[in-house]
Amino acid sequence: MALHKAVTRRDAFALPAIGAAALMIAPRLAHADAAAVEAEIRKLYADRKPTDGRIKLDVPQIAENGLVVPINIEVESPMTAQDHVKAVHVFADGNPLPGVLSFRFTPESGKAAASVRMRLSQTQNIICIAEMAGGALHSASANVKVTIGGCGG
Amino acid sequence: MSTKPTPRIRVPGNAKAGEIIEIKTLISHEMESGQRKDQAGKTIPRKIIHGFTAAFNGKVFFEATWHPAISANPYQSFFFKAQESGEFTFAWKDDDGSVYEAKAKLAVG
Amino acid sequence: MISRRDFLQAGAAAAAFAGGSASLGRLAAQQRLGEAELLRFEPLGNVTLIHLTDLHAQFMPLHFREPSINLGIGEMKGRVPHLTGKDFLAHYGLAPGSAMAHALTSEDFVALARNYGRMGGLDRIARVVEAIRAERGAERCLLLDGGDTWTNSWTSLQTRAQDIVEAMALLKPDAMTGHWEFTLGAARVAELTKSLGFPFLAQNVRESEFDDRVFEPRRSFERGGVRVAVIGQAYPYTGIANPRWMFPDWRFSLKDEDVQKEVDAARAEGAGLVVLLSHNGFDIDRKMASRVRGIDVILTAHTHDALPEPVTVGRTLLIATGSHGKFVSRLDLDIRAGEIRDYRYRLIPVFSDAIRPDPAMAALIAAKRAPFAAELARVLGRTEGLLYRRGNFQGTLDDLFTDAMLAVRDAEIALSPGVRWGASLLPGQDITFEDVTNACALTYPNCYRTTMTGAQIKLVLEDIGDNIFNPDPYAQGGGDMVRVGGLGFTIDPYERQGRRISELTLLRDGRPLDADRAYVVAGWASINEDTQGPPIWDVVSEHLAHRKVVTPRPLGAVRLAGTP
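Cut-offs used in this document
Residues numbered from 1 in each chain as written. Chains lettered and ligands numbered in written order. Predicted model: local features only at pLDDT ≥ 70, side-chain atom pairs only at ≥ 80, totals over all residues. Heavy atoms only, no water. Helix = DSSP H or I, 4+ residues; strand = E, 2+ residues; numbered from the N terminus. Contact = heavy atoms within 4.5 Å. Areas by Shrake-Rupley, 256 points an atom, 1.4 Å probe, with all protein chains shown as cover. Buried < 20%, exposed > 50% of the residue type's maximum accessible area, 1.4 Å probe, protein only. Pairing = 2+ DSSP bridges. Axes fitted to C-alpha atoms, helices over the stretch in contact; angles between N-to-C directions. Buried area = accessible area lost by both parts, 1.4 Å probe. Salt bridge = Lys/Arg side-chain N within 4 Å of Asp/Glu carboxyl O. Core = buried A, V, L, I, M, F, W, Y, C linked by side-chain atoms within 4.5 Å. Polar contact = N/O pair within 3.5 Å; in protein donor to acceptor, adjacent residues only side chain to side chain. Parallel < 35°, antiparallel > 145°, perpendicular 65-115°, else oblique. Nonpolar A, V, L, I, M, F, W, Y, C, P; charged D, E, K, R; others polar. Phe/Tyr/Trp six-rings, centres within 6.5 Å; stacked < 30°, edge-to-face > 60°.

S.K.: Just to check I follow, could you spell out the overall build of chain A for this structure?
M.R.: Looking only at helices and strands, one finds three helices and nine strands in chain A. Counting helices and strands in the order they occur from the N terminus, chain A gives α-α-α-β-β-β-β-β-β-β-β-β. Residue pairs at least 24 apart in sequence account for 66% of intrachain contacts in chain A once pairs closer than 6 positions are excluded. When the accessible area of chain A is evaluated, it comes to approximately 6,600 Å², of which 57% is carbon and sulfur surface.

Okay, here's the thing in structure tokens:
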């Protein structure tokens, strides 16, 4: 048996088992939570309550790569001087910090839609708030699963 | 690591009046989040691009604020309603005070 | 000598005949399962779709045991394709012991395998395809390849898929999509797809910088006076299930909206028939059929399900053609005024002893295998029992792999990926190098040796468990449950992530796994770049060189718990 084992013990390097295990298993930093996201929203809009609807929040159900997660936001609006989307804010409740981004649109934008790519350190919820020129707030949220992956199929 | 950030833009050169066009931008940047530690256990200081603006003929029509959760080599796409010919100016604001700029012309007819 | 009639009616008793005399069984199988009978089909309508998928580069006939455990979670519970064994036979009214019962289930597998012989072989498939085209007229036929075609045989690995690409070219497919193909690396895939002579379709693969398309999203064909649009859908979680570093600039996605756009565009161009050539996997396809309007037919793949009848979701037909060359699907459609008026379907089982090989394909296969003939035929050992992999949990073939890693890599725990491919070996069969590589020939084979804490092991099992048993099919990614050696655990598939896995036990000492202790773990098919260690086939070969004879043991280390 000794020889049996010796032949292939040349490796030396050890990598985590499956997928990006190293990344995900690394000691968890303190992270935001739903309350932290709520606090951020309160800073912006105090006690004003958003309603559902008008926002199309497009994120993958499973992130292909937690370091580069595409997010596309589109808010339904005529984008006229009177009636347009002023701002959009995005938060994540499982990242080290809750803030992701803010957008400011104008009627010249033509369309209240924009895409970026974000980092998500673990499976979490993405929360989006849109502020309309007339003062109304809308919100939407979605969960994104961040997985170790592997195991082919 | 710190090579000079280079912007790349995808914007149509021509549009019809009233047409809504999509603009895609990318800039090379590590977007150091300020949450990572080096091998000595010291926190690597934050250095990200935190602001982006898009202006047409000098008037800003789209702005973005980015937090450390934005990926390295940040991508931003957005829209613009073409009305007249002119020039876009895109600007990225770095934590270190640098501003990186790119321009593109649009002919409307 | 038994008569054809006797045999057909013998049902389960067929097994008894086979036990004593394989040759008698084989002979009977040939008589009973004549080529004419297997190809018999009353043609219908104006368009014929021929579907092949998940060949995994298997040129040669083989045995492939279908799963005995294939759990359906949430809405999929108790529905095909999540029925196995007797439940499957009862659902479709198949006689136990019949040829189709053998092809489609694991019931009496060994006895029936001896009886009916091997299945598949690309030369037999070529014969089936040619016969359909000859009978139907090529102008009415579309041959569509669902992917997982180019990888996972030793010869395809050695030729970087040149062998299988040339062989498939003889079949003249009209289009294909893919998944494991991407593990050849972006450059090789780009090179091969450019010279196929038919389109590689994938509407859901884009360049990572500006989201440009990498492949053609769909293609239109005129068949039988109908404009047929074929939309390609590559495996949406390729970048999660397989090493993303092999195609770093490509991004995969699963978006109903994007598929809807392609369907609408195809209809706007006058398509009378819209086909989704999909590698989503059956459960994702079923959900997609309920959310995307206007798809007439989804040709499913990835999950290796073989179903003798289409599944209908609203007005969409879902076809499941199985894997490893065991089946060819033929779907005749009567298309009038842009809709399916009628259809007729047959899942054609490719019984290798009954179907004549196509001479041109047989010659090409022989030529492609010749340079590797000696190493493929090298006998490494013998098995006393059935070796198989497919199923949600560990199979006996997986035990061989995990045993090999524990011994050769001197590890306490071994992990082996739950890929759905790998041929089965019958009791008494020699284990050749080809048999081993049919279960592990991939482009990232290094068998690593590392340490993981008990907590990390639990985290990994929970993560993979959720990729298989999440009740939402869109949240599932990858293959079957990871296989383990040296480790026992209980899994409750119906729980949520973090609560499925319990009673983790190190088998070496029977003790519960310590969350904080570091264990020596060996494994293969890591998706991390620069994984170090010998290729897994060397590890298994070395193990067999010492072991000589494999005696499969009962599978008890993974215990199933919970109620649906």
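S.K.: Quick question: what am I supposed to make of the pairing of strand β18 (residues 480-485) of chain C here?
M.R.: When a strand is regular, its side chains alternate between the sheet's two faces. Residues and elements named next belong to chain C. The buried fraction of β18 is high, at six of six residues. Looking at chain direction, strand β15 (residues 413-418) and β18 are connected through four bridges and run antiparallel. Across the sheet, residue Ser416 finds its bridge partner in β18, namely Arg483.

S.K.: What am I meant to see in the sheet that holds strand β14 (residues 379-383) of chain C here?
M.R.: Pairing between sheet strands relies on hydrogen bonds along the backbone, with the strands arranged either parallel or antiparallel. Residues and elements named next belong to chain C. Strands sit in the order β16-β14-β23 across an open sheet of three strands; the sheet is mixed. The open sheet is flanked by β16 (430-432) and β23 (549-550), the only strands paired with a single partner. One ladder, built from three bridges, connects β14 with β16; its direction is antiparallel. Counted as the bridge partner of Val379 is Thr432 from β16. Packed onto the sheet, helix α20 (residues 536-547) meets β14, β16 and β23 and runs at close to 65 degrees relative to β14.

S.K.: Explanation requested: the interface of chain C and chain B in the structure shown.
M.R.: Think of interface size as the accessible area that goes away when the parts come together; that is how it is often given. Contact residues are listed per partner, giving four residues for chain C and six residues for chain B. Contact between chain C and chain B buries roughly 540 Å² in total, counting both sides, with carbon and sulfur atoms accounting for 49%. When the area that chain C buries against chain B is broken down by residue, the three leading residues are Glu209(C), Phe210(C) and Asp212(C), summing to 91%. Across the contact surface, chain C and chain B share two salt bridges.

S.K.: Please explain the pattern of salt bridges as it appears in this structure.
M.R.: Close approach of charged atoms lets side chains of opposite charge pair. Per the stated rule, a full pass over the model turns up 52 salt bridges over all chains. In this structure, Glu32(B) and Arg36(B) form a salt bridge, with 3.0 Å as the shortest nitrogen-oxygen distance. Residue Arg36(B) is classed as partly exposed on the basis of its relative accessible area of 49%. Between Lys47(B) and Asp96(B) there is a salt bridge, and its shortest N-O distance comes to 3.6 Å. One end of the pair, Lys47(B), is in the loop between β3 (20-27) and β4 (49-56); the other, Asp96(B), is in the loop between β7 (86-94) and β8 (99-108), with 49 residues separating them in the sequence. In this structure, a network of salt bridges that share partners links the residues Glu35(C), Arg127(C), Glu130(C) and Arg356(C).

S.K.: Looking at this structure, I do not really get the sheet that holds strand β2 (residues 141-145) of chain C. What am I missing?
M.R.: Residue and element names in this part refer to chain C. Judged by pairing direction, the sheet is mixed, and its five strands sit side by side in the order β3-β2-β1-β12-β13 without closing on themselves. Edge strands, defined here as strands with exactly one partner in the open sheet, are β3 (175-176) and β13 (339-349). Sheet topology places β2 next to β3; two bridges connect them, and they run parallel. Note that in β3 the partner of Asp145 across the bridge is Met176. The strands that helix α8 (residues 122-136) touches are β1 (47-52), β2, β12 (327-336) and β13; relative to β1, the one it contacts most, it runs at about 175 degrees.

S.K.: Sorry if this is basic, but what is going on with the nonpolar core here?
M.R.: Side chains of nonpolar character tend, in soluble globular proteins, to be buried together. The biggest cluster of nonpolar side chains holds 153 residues, and the ones touching the most others in it are Leu122(C), Trp150(C), Phe182(C), Val297(C) and Ile536(C). Ranked by the residues each element gives to this core, the list is headed by α8(C), at seven residues. Apart from the residues within four sequence positions on either side, Leu122(C) is in contact with Leu55(C), Gln58(C), Phe59(C), Ile164(C), Ala167(C), Met168(C), Leu171(C), Met361(C) and Ile365(C). Counting 57 residues, the second largest nonpolar core, distinct from the first, contains Phe105(A), Val116(A), Ile27(B) and Ala54(B).

S.K.: What am I meant to see in the environment of Gln58(C) here?
M.R.: All names here are of chain C. Within the secondary structure, Gln58 sits in the loop between β1 and α5 (85-92). For Gln58, a relative accessible area of 5% corresponds to the buried category. As a C-alpha pair, Gln58 and Ile125 span 67 residues in sequence and 11 Å in three-dimensional space. At a separation of 3.1 Å, a polar atom in the side chain of Gln58 contacts the side chain of Asn438.

S.K.: Help me out: how do you make sense of the packing of helix α10 (residues 162-171) of chain C against helix α15 (residues 359-369) of chain C in this one?
M.R.: All names here are of chain C. Remark: α10 packs on α15, axes separated minimally by 10 Å, with the N-to-C direction vectors making an angle of 175 degrees. When the axes of α10 and α15 are compared, the pair comes out roughly antiparallel. Counting all contacts with α10, which are made through Asp163, Glu166, Ala167, Leu170 and Leu171, the residues of α15 involved are Ala360, Met361, Leu364 and Lys368. In terms of residue class, the contact of α10 with α15 is made up of six nonpolar, no polar and three charged.

S.K.: Is there a simple way to think about the side chain of Thr183(C) in this case?
M.R.: All names here are of chain C. Mapping Thr183 onto the fold places it in the loop between β3 and α11 (186-194). Overall, Thr183 belongs to the buried group, its relative accessible area being 2%. Among the polar contacts listed, one links the side chain of Thr183 to the backbone oxygen of Trp180, at a separation of 2.6 Å. Once residues within four sequence positions are removed from consideration, Thr183 is found in contact with Thr151, Asn242, Pro243, Met246, Thr443 and Tyr444.

S.K.: Help me understand the packing of aromatic side chains in this model?
M.R.: Centre-to-centre distance and the angle between the planes together describe a pair of aromatic rings. Applying the stated criterion to the full structure yields 36 aromatic pairs over all chains. Judged by centre distance (6.3 Å) and plane angle (65 degrees), the rings of Phe78(B) and Phe90(B) are edge-to-face. In this pair, Phe78(B) sits in strand β6 (residues 75-81) while Phe90(B) sits in strand β7, placing the two residues twelve residues apart along the sequence. Across the pair, Phe90(B) and Phe78(B) agree in class, each one buried. Their ring planes at 80 degrees and their centres at 5.1 Å tell us that Trp154(C) and Trp537(C) sit as a pair that is edge-to-face. Here Trp154(C), found in helix α9 (residues 154-158), pairs with Trp537(C), found in helix α20; they are 383 residues apart in sequence, far enough to count as distant. Note on accessibility: Trp154(C) and Trp537(C) belong to one class, buried.

S.K.: Please explain the pairing of β7(B) as it appears in this structure.
M.R.: All names here are of chain B. As defined by bridge partners, β4 adjoins β7 across seven bridges and the pair is classed as antiparallel. Looking at the pairing, Ile49 lines up with Asp94 of β7. Note: β7 against β8, eight bridges, orientation antiparallel. Bridged to Trp92 within β8 is Tyr100.

S.K.: Help me understand the environment of Ile49(B) in this model?
M.R.: All names here are of chain B. Within the secondary structure layout, Ile49 lies in strand β4. With a relative accessible area of 0%, Ile49 lands in the buried category. Along the sequence, Ile49 and Pro5 sit 44 residues apart, while their C-alpha atoms lie 9.9 Å from each other. Ile49 has contacts with Ile27, His29, Met31, Trp66, Trp92, Lys93, Asp94 and Tyr100, leaving out every residue within four places of it along the chain.

S.K.: I keep staring at unusual backbone geometry and nothing clicks. Help me out?
M.R.: The bulk of non-glycine residues show a negative phi, and the bulk of peptide bonds are trans. Each neighbour pair has its own omega, and for Val80(C) with Pro81(C) the value is 5 degrees, a cis peptide bond. Note that Pro81(C) resides in the loop between β1 and α5. In the Ramachandran plot, Ala46(A) falls in the positive-phi region, its phi being about 50 degrees despite a non-glycine side chain. Along the chain, Ala46(A) falls in the loop between α3 (34-45) and β1 (51-52). Notably, Asp530(C) is not glycine yet its phi reads approximately 60 degrees, a positive angle. Mapped onto the secondary structure, Asp530(C) falls in the loop between β22 (518-523) and α20. By relative accessible area, which is 55% here, Asp530(C) ends up exposed.

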